[in-house]
Amino acid sequence: NFRSRHDHNWSCPPSFMARELLGGPSARQRTTTPPRSNLVPIRLLRICVDDRVLGGVEVNESSTLGDVRTSIQEDEIPGVPDSYHFLYCGAPVSRRQEGRRRAVDCFPFLTIIPENARVAPVAEGDFGAATPSTGNPPSFPSRQEEELLVEARPASEFGPLTGNMLELHITDGPLEGTTVTVGQDGARVGRHTSNTVVIPEAGISRLHCEICHVGGEFCVRDLGSTTGTFFYLKPHGRFQMFMGLMVKLGETEFVVVSQTGESLASELVVLFYEGPLMGHKARIPASGITIGRRHDNNLVLVQDGTVSAHHAMIICDGGEFFIEDLGSCNGTCIRLSTERTESDWHALLDGDVLGAGCTKIHCTLRRQR
């Protein structure tokens with residue numbers, strides 16, 4: 001239940017702490033991780049040319065074909081012609097009309113054709129079969145009644161599994177109930193369709209985090225995501241605090257900016273950079289504090305509804321500070337790196353729980369005999 005600071009080399013760039021301490025217009029503000037209840041249903045719309053699927057674009061009920069064109073350019077989907085039209089109800093769509101056509105009406109796949117391609121005539125009412133005269137319609141199962149289309153490709157598809165394996169059990173978020181097996185080839189997690197595990201969630205970056213098998217153990221690192229990758233602390237397990245450590249409780253996040261003194265004279269200073277106390281500092285004495293929503297805590301976060309009544313406590317033992325989760329509902333997390341900054345590799349232990357956006361991933365190590 002305890003990780004040493006020396007085992008993981010957690011770090012926080014000095015420039016980040018300087019910006020937060022100084023405040024002002026130069027300080028960057030992160031986007032708050034969206035609550036799960038506010039997520040807009042997202043679908044993965046396949047982009048097709050002839051009978052080939054080139055990739056996928058995430059759309060929701062308000063997305064237009066103009067939005068899809070922008071996403072195709074941003075994702076740099078290979079194989080897309082330089083100049084093309086979308087097919088909508090069997091007919092090419094002009095650039096002017098793209099902003100008026102809903103992308104979800106073309107679900108589950110959207111065909112594109114070169115600007116000068118000739119479109120084969122389509123029988124009345126058979127709009128779904130419209131394709132250029134040079135190809136056949138893609139043969140995919142229809143998923144038009146799904147509210148959410150997600151895709152998870154196990155790492156076993158990319159190579160044989162030998163030695164140890166890591167099972168990722170997703171218990172929250174769009175992929176809830178999914179289990180992905182990761183072998184020695186590792187896996188990458190993100191919103192982009194090139195990832196091993198594709199999570200269509202607003203709080204997930206296109207390339208969010210990566211799991212790798214190094215030196216006989218599995219490790220994880222953040223790939224410079226916006227909302228961060230987190231380790232959940234085990235309930236009632238202590239975690240040593242140090243300069244630069246970033247902690248998340250519900251939607252409240254803080255960073256350790258100062259630690260002074262020894263034994264009874266010790267003091268820890270944290271700076272809140274997310275949540276209702278954003279921009280404020282808290283000085284934690286050697287006697288320790290409790291954190292929660294109830295007023296009998298030393299540090300009260302009544303405005304954060306995701307924080308439990310008695311969420312966590314910080315104690316001092318032998319001049320060192322430790323944080324302990326008190327069995328909270330939403331957990332206490334350690335963030336791997338700052339916004340848009342790649343983290344170092346951190347070892348994954350059996351039973352670890354990772355967080356990314358609104359997704360929670362339970363890690364189970366399996367040994368092959």
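Residues numbered from 1 in each chain as written. Predicted model: local features only at pLDDT ≥ 70, side-chain atom pairs only at ≥ 80, totals over all residues. Heavy atoms only, no water.

Under the annotation held in an unreviewed UniProt entry, the protein chain carries the name FHA domain-containing protein and is attributed to Noctiluca scintillans.

Helix and strand content of the protein chain: four helices and 26 strands. The long-range share in the protein chain, meaning contacts at least 24 apart out of those at least 6 apart in sequence, stands at 59%. (Helix = DSSP H or I, 4+ residues; strand = E, 2+ residues; numbered from the N terminus. Contact = heavy atoms within 4.5 Å.)

In this section: the side chain of Asn297. Looking at the element boundaries, Asn297 is found in the loop between β19 (289–292) and β20 (299–300). Polar side-chain contacts of Asn297 include one of 2.8 Å to the backbone oxygen of Arg294. When sequence neighbours within four positions are dropped, the list of residues in contact with Asn297 reads Thr290, Ile291, Gly292, Ala309 and His310. (Polar contact = N/O pair within 3.5 Å; in protein donor to acceptor, adjacent residues only side chain to side chain.)

This paragraph deals with the pairing of strand β22 (residues 320–325). A large share of β22 lies buried, amounting to five of its six residues. Of the strand pairs in this sheet, strand β14 (residues 238–240) and β22 are connected by three bridges, and their pairing is antiparallel. Counted as the bridge partner of Phe239 is Ile323 from β22. Where strand β21 (residues 312–317) meets β22, six bridges bridge the pair, whose relative direction is antiparallel. Across the sheet, Ala312 pairs through a bridge with Asp325, a residue of β22. Between β21 and β22, which pair antiparallel one after the other, the connecting turn spans two residues, and Gly318 there sits at a positive phi close to 65°. (Buried < 20%, exposed > 50% of the residue type's maximum accessible area, 1.4 Å probe, protein only. Pairing = 2+ DSSP bridges.)

The next thing to look at is the side chain of Thr332. The residue Thr332 is located in strand β23 (residues 332–335) in this model. Among the residues examined, Thr332 registers a relative accessible area of 0% and is labelled buried. A distance of 3.5 Å separates a polar atom in the side chain of Thr332 from a polar atom in the side chain of His311. Within polar-contact distance, the side chain of Thr332 engages the side chain of Asp325 at 2.6 Å. Other than its neighbours up to four places away in sequence, Thr332 contacts Phe231, Tyr232, Leu233, Val247, Lys248, Leu249, His311, Ala312, Ile323 and Asp325.

With mixed pairing, the five strands of this open sheet are ordered in space as β2-β1-β5-β3-β4. With one partner strand each, in any of the chains shown, β2 (52–59) and β4 (91–93) form the two edges of the open sheet. Direction aside, neighbouring strands of the sheet carry axes that sit 40° apart on average. As paired elements, strand β3 (residues 84–88) and β4 share three bridges and run antiparallel to each other. Note that in β4 the partner of Phe86 across the bridge is Val93. Packing of helix α3 (residues 65–75) onto the sheet brings it into contact with β1 (43–49), β2, β3, β4 and β5 (109–114), and relative to β3 it is tilted by some 135°. (Axes fitted to C-alpha atoms, helices over the stretch in contact; angles between N-to-C directions.)

With 46 residues, the main nonpolar core has Met241, Phe254, Ile314 and Leu348 as its most contacted residues. Beyond its immediate stretch of four places on either side in the chain, Leu348 contacts Leu166, Ile211, Phe218, Cys219, Val220, Phe231, Leu354, Cys363 and Leu365. With 21 residues, the next largest nonpolar core counts Val49, Val59, Tyr84 and Tyr88 among its residues. (Core = buried A, V, L, I, M, F, W, Y, C linked by side-chain atoms within 4.5 Å.)

Our focus in this paragraph is the confidence of the model for the protein chain. Put simply, the protein chain has an average pLDDT of 78, and 74% of its residues get 70 or more. Predicted confidence is poor over residues 1–39, with pLDDT under 50, and the contacts of this stretch with residues over four places away or in other chains come to 85 contacts. Counting contacts from residues 121–163, a segment whose pLDDT is below 50, to residues more than four positions away or on other chains yields 94 contacts. (pLDDT = per-residue confidence, 0-100.)

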